[in-house]
Amino acid sequence: MNTASILRDVEHRPYPLPEGPWVTTQSWHELLFAHWPIAPDILRALVPESLALDTFEGQSWVGVVPFRVSNAHPRWSPLIPGLSQFLEINVRTYVVVNGIPGVYFFSLDAANALAVALARTFFHLPYYRAQIQCQEEGDTIHYHSQRTHPGARPGEFAATYRPIAPVVCAGKGTLEYWLTERYCLYALAKQRRLYRLDIHHKCWPLQIAESELQRNTMALGHGITLPDTPPLLHYAKRQDVLLWPLHRVR
C-alpha cells in the first residue's frame, strides 16, 4: 500500500483531508455496492434524530455492501494474525452533519469474532458475528453471509456478482459519486454521543455490475423493506483506505 500516493490524491474529495495523522489501514476487495431508493420519510424514523438524512434529488438510498477486508492494522503495528483479514457485509444509508456528508450503518456483519468485539467496544458500531463464505471464479464472486450473533435479528445475503464494464471514477454531481465517494462514518454511542470517523482513499475504481441475488434479508431486520426493483450495482476490485481516530462531534 502506497500511503504517500493515497494522501497526494485529493482532487476527488468533497472536502479537505482531516487534520492530524491517519492511524489505521484497510484494503477492501471484490466489493459490491448494491443500492435501492427508499423514501426519506421511511428512513427518518429509523435514523437517529441527530443525523440529518442526505438525499440525492429528494431521494434517500440504502446500500447493501459485501466485500473482503485485508491489511487491517494500526499504523505502527504489523499485521495481526486472526484480525487483519476477514469478510464483511454492511447495510448503510447516507446522512449529513454540520455540512459534512457521511455514512450511517444500520449493521455491519463480519466473520471475525475479535474484530466484531473490538469494533462494538471502541468504535460504537453495530457489528454482528456472521458465517460468511466468498469464492472468486475468474471475475465472478459467489458470496453468502448468515448472521450468527447471539440475540440479533436474522440477516442473510446470498448472491453471485461480476463487473460488466470498464473501470471509471464517478464524476462529481452524479448519483454514482454521491453514493460512493463518502469520506466519513457517523456512530452513536449508548450515551447518545455522536462520533465521526474520517477516512481517505483514491477515487473509487467503479465498474457497472450484474448480480444474481438469491437471498437478501439484511435490511429487513432494521424495518426496511427494499423495493421489488433491480438494485443499482457497482463493483470495485480493490480500494486501499486510511482511517483517522474516532472523535466526538459537538
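Read on for an overview of the structure. (Residues numbered from 1 in each chain as written. Predicted model: local features only at pLDDT ≥ 70, side-chain atom pairs only at ≥ 80, totals over all residues. Heavy atoms only, no water.)

With that out of the way, let us pick up the overall build of the protein. The number of helices and strands found in the protein is four helices and 13 strands. A compact globule built from 250 residues should have a C-alpha radius of gyration of about 18 Å, and the protein, at 17 Å, falls within 12% of that. Based on the C-alpha atoms only, the size of the protein along its principal axes is roughly 45 × 40 × 40 Å. Expressed as a percentage of the 250 residues in the protein, the buried residues total 54%. (Helix = DSSP H or I, 4+ residues; strand = E, 2+ residues; numbered from the N terminus. Rg over C-alpha atoms; globule rule 2.2 N^0.38 Å. Buried < 20%, exposed > 50% of the residue type's maximum accessible area, 1.4 Å probe, protein only.)

What follows covers the state of the cysteines. Scanning the entire structure with this criterion turns up one disulfide. Disulfide pairing places Cys169 opposite Cys203 at an S-S distance of 1.8 Å. Here the residue Cys169 occupies a position in the loop between β8 (156–163) and α4 (175–180), and Cys203 occupies one in the loop between β10 (194–200) and β11 (207–216), the gap between them amounting to 34 residues. On the accessibility criterion, Cys169 (42% relative accessible area) is partly exposed. Cys203 provides the cysteine sulfur closest to Cys184, a residue in no disulfide bond, and the two sulfurs are 19 Å apart. (Disulfide = S-S within 2.5 Å.)

For the rest of this paragraph, the subject is the environment of Arg238. Note that Arg238 resides in strand β12 (residues 232–243). Owing to a relative accessible area of 37%, Arg238 belongs among the partly exposed residues under this scheme. For Arg238 and Leu206, which are 32 residues apart along the polypeptide, the C-alpha to C-alpha distance reads 9.7 Å. Setting aside chain neighbours within four positions, we find Arg238 in contact with Ser27, Trp28, His29, Asn71 and Pro205. (Contact = heavy atoms within 4.5 Å.)

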